Structure formats: structure tokens, C-alpha cells
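# Descriptive analysis of the structure
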Amino acid sequence: MADQDPAGALVVEATGVGKTFGDAETSVTALQDIDLSIRSGEFVSLIGPSGCGKSTLLRLIGDLTSPSGGSIKVNGKPAQRARLDRDYGMVFQAPVLMDWRTVAKNIELPLEIMGYAAAERAKRSAELTKLVELEGFEGRHPWQLSGGMQQRVAIARALAFDPKLLLMDEPFGALDEMTRERMNLELMRIWSRTKTTIVFVTHSIPEAVFLSTRVVVMSARPGRISKIVDIDLPQPRNVDTRETERYFELVTEVREALRSREREAAAPDVDRIRAEGLA
Amino acid sequence: MTAARSFARRSSDWLPPVVVFVAVLVVWEVSFLALQVKAFLIPRPTVIAGALVDQWPILSRGLRYTGSEALFGLLTGVALGTAAGLATARWPTARQALIPIGTGMSTIPIIAFAPITLNWFGLESPLPRITIVALMTFFPVMVNTIRGLTEVDPAALELMASYAAPEGAVIRRLRIPNALPYWFTALRIAVTLSVIGAVVGEFFGGPQYSIGNYVTNMTGQFKYPNAWAAIIIACALGISLYLVAVAAERIVMPWHRRREALGQQ
């Protein structure tokens, strides 16, 4: 997408961003010297071992935490201004649905907070229920749905107020492999339909390559960007994409980018990655 | 769901306890009759039932009086407890001070203050019992209200932050719905405490016909079946108030009960 639309506006612009947790004695540097620009219409995945700060970077973009150094701009504004202007929608690893609300009412939650009229809320909710293919489940409560369906409600809710930027923090991390692959296809369909810019945190290499226009490979301790891999697979992506030779080449490229950083990093991290099946 | 199925499901809820209850009554009656158990120990159900009918004029008066004490005390305690919880939940320091104090206070046998409250309000007034009940119910309600308002999923708070939701919206759309199950748990506890507080409070003073006073008088006069009849009235009062609390819970949180039912399957 970035290639097809080189003039796309800068949506995210991180310059020299650092993030340190804890006080002076026990401080842990989660992120250091992060420079990243994301343009309108891109699908950018952040991937790396546990502790590389990929989720922290996403939360910094969303102003859910503040940087210790550097600056983050979203749509040309400071991240906090962008959050207060409701410039982005967020999807977490857990669906975070309200048990006391039905599917339709969960999707309407942000609209209620943002003061949309009831008729407009119902209209948007109906459209989004259709987009995430949950028609017929509007009146159900979250606990009556499967994990995949709950996450679809969370995606619909994030898109309800039509944000131009979607931040997703390992949204399919808790799902089984088959559900995850189906959700990946769903997300591709939604992305091509809504033209939203997406920043997507994952620890799955195949998922990152399949979904993204660019994959940002990160390393741990301190969290840095070690490589950015352009994913030039043709659009639209579909089930056949995963069987092309180029797909395997790109998966290998991302895997090697992850591994080259491991060799330099401390040994325990390598074990960690092996355990997670990434190596 | 059809009406028939709904009835079948509901009858499966209440039928087993009713069957057990009736069986216990029958065994009690028959075995006590056969073993010649003295009435001053425990009278037979039919004897108690006889006393209940016989003493109904005075017992019904006691039920109204004691029931009002329990109810007014309960409403006062629950209202103040909820208000205290809502008022302090927003300030972490107030909350951290109040939760241990509230938990500590709820372990104090407040009923021991009953003789003192008689000095405050006089022997004729229902206020001593209302005060006792209000004090007994205040603390569990306050503590649970604070818990429910503050023990919120951190991710849900982040979600609200991502919407730039104002504090009022967070309270109304997240904290209060989250607190409801905690609050209703406290209400059930408070309802049980209210009848105990009112009846035991009357042991120390109150009109002759009030349930607690009547029980002490009747045992003093060796009229045990009458005392037992009054105890049955107190039980019925407690159970009725409890069922009202459960009904209110189901009306306010229909989703909660169905989720619980799902969890039990």
C-alpha cells in the first residue's frame, strides 16, 4: 500500500523515542532510540521477542503511557492530543467486553461515550455487526460467544466511530491456530474495506508476514528496531498467499532478522524464543 | 423460551428444597411424638403451628413492628454505606483508609451496643434497633461498594482512556455496572443481618409484642410453643426480605444470573 500511495500522509511519527520503567535504581529500559514513520493506509506489524517493548511502543502511540524521551506524533499532533481527539481505535489481546452489555451495545459503547444519537448508534452498530459477520448475534452477551467471536466484537467496537488508525495489541494471541488464520483473513477483508491504517503487535512471524505491508523487527534489552522488512506480497491477500514462494522467502527473512539479533543478545532470550516456537 | 419450559426450570429450582423441608417436618413430628420429647426442649411442628394460630393477633403486630425496624435500619445502613462507598472510591487515600476500618468495624459485635442505644433513645422508641441495624449493615455495604467500584479490569480502564472518556462516563458505564454484583452480595448479607439485629436488639428493650421481647417473655413464662411460633415469624421475615433482595438482583442484573448458570454447567 505504501508503495502504491507514496504520498500517503504521515499517521504515526516516532522520533528518538525511549521508555524507561521504574525509578533510578531499578530502572529497566524498555525502548531506546525508536524512529518509525507510518503512512496512511499501511499495515505495519511490530514483532520481536518478549520484553522487546513492542506492546509498549503501541501503547505509546495510543498515549496509554508516556515516553521517557523523544516525541510521538499521531496525525501530526502530539499523541495525547490525538487520543483526546479520538483519532484511533484500540483492540487488546483480551476482548475486554462488558458482560452486562449485549453484542450490539458493546459495539455502541464508544458511540455512547462520544455522544452519538441513538439512531446513528443503531445504524453504525448494524453496519459493523455485518462487517465482522456477527449478524444474528446482536442480542447475545459476551459470555455466550466463542473467543474468536468475542474478538470480532472488539474489532467492530474499535471501528465503530470510524477511526483512521487502528492499534491492535496481539489481538489473536489467545486464539487457536485455525481460528487465528481465519481471523487474519477477516482482518485483511476489513482492512481493504475500511482503508484504515493498522499498527499490529504480534509474536507470530507467519501472521506478521501475511497481514502486513511492512514488518518492524524489534530486539530486546533495550528494545530497539533492528530491521524493517517490506512485504511486497500482492493484494488482496488470501488463502493462496500463504502458499507462494515469496511468502516463504519473507517469513525466512523476518525469522533471520529476529535470529541475527538473538546471537548478539544474551542467551536466555534465545531459549525464550525457542520455547515460543519462533526459532 | 416457552412458558412450560420456564416453569419446569423454575420448579427444578424450588422443588428439591421444598420436598426436603416437608420431609424434615414429617420426621420431626413423628419421631418427637414416638420418643415423647418434652415441649420445653423442642415442641412438635403441629404444636408450634397451633401456637402460631392462637397467638397470631400479637405475633402479626410484632411482625409489623420488628419488620419495620429491620427494614428502616436496613434502608438507612445500605443508603449510607452505598453513599460512603461512592463518595470515597474516587480518592485512593480515603479508600485505603476506609477499607481496613470498614472491615475491622464489621467484625465488632455491634449488637453489644444495644443496651447503650436504649439510653440514647429511650425504652419506647424503635430507634435503638434501627440504629443497631443501620450500623451492622453499613460496613459490609460500604466495603463491597468500594471494592466493586475499584476492582475493575485495568484493560477496561485503558479502553475507556482510548476513547478519552470523561470520568463521569467511566463511573457510569464501567465502575457502577462492575460494582453491582459486589453490591448485591453485600445486600444479601445486610438483609440477613438486619433481622438478627432487630430481634436481638429487642432482647434488651422494646414493646412487649416485638418479636425479640416476646420470645424472652414467653420463655420466661415457660410458654415454649409461643416462643417457637415467634421464632418462625422471625425466620419468615428474614427469608422474605432475602427473597426480595434476590428478586431485585435478578431484575437489575438479568445478565449476571444467566452467566452464573452457564458457569455451573
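Structural data are supplied above this passage.
Report on the accompanying structure. (Residues numbered from 1 in each chain as written. Chains lettered and ligands numbered in written order. Predicted model: local features only at pLDDT ≥ 70, side-chain atom pairs only at ≥ 80, totals over all residues.)

### Details of the sheet that holds strand β6 (residues 88–91) of chain A
Residue and element names in this part refer to chain A. Let me state the cut-off plainly: When DSSP finds two or more bridges between two strands, those strands count as paired. Per the convention used, a helix needs a DSSP run of H or I reaching at least four residues, while a strand needs a run of E reaching at least two, with both numbered from the N terminus. Angular values range over 0 to 180 degrees, each being the angle between N-to-C directions of two axes fitted as lines to C-alpha atoms, with helices fitted over their stretch in contact. Working definition of a contact: two residues with C-beta atoms, positioned from the backbone, lying within 7 Å.
As summarised here, the arrangement of the six strands in space is β6-β7-β8-β3-β9-β10, forming an open sheet in which the pairing is mixed. Each edge of the open sheet is held by one strand with a lone partner, namely β6 and β10 (224–230). Neighbouring strand axes in the sheet, compared pairwise and without regard to direction, differ in orientation by 15° on average. With four bridges joining them, strand β3 (residues 43–47) and strand β9 (residues 214–219) adopt parallel strand pairing. Following the sheet pairing, leucine 46 is matched in β9 by valine 216. Helix-sheet contacts for helix α5 (residues 147–159) involve β6 and β7 (165–169), and the interaxial angle to β6 is about 165°.

### Quick notes on the interface of chain B and chain A
Interfaces are often sized by the accessible area lost when the parts come together. In this assembly, 17 residues from chain B lie in contact with 19 residues from chain A. At the level of elements, α7 (154–162), α8 (167–202) and α11 (254–264) of chain B are the ones that each hand at least two residues to the side of chain B that touches chain A. In terms of residue count, α7 of chain B provides more of the side of chain B that touches chain A than any other element does, six residues in total.

### Topic: helix α9 (residues 211–220) of chain B
We count it as follows: Residues with at least 20 neighbouring C-beta atoms inside 10 Å of their own are called buried, those with 12 or fewer are called exposed, and the rest are partly exposed, where every C-beta is derived from the backbone.
Inspection of α9 of chain B places Ile211, Gly212, Asn213, Tyr214, Val215 and Met218 of chain B among the buried residues, and these make up the whole buried set. Following α9 of chain B by one or two positions, phenylalanine 222 of chain B adopts a phi angle in the positive range, close to 60°.

### Digging into the environment of leucine 159 of chain B
Structurally, the position occupied by leucine 159 of chain B is in helix α7. Among all residues touching leucine 159 of chain B, those that are not within four sequence positions of it are Met90 and Val96 of chain A.

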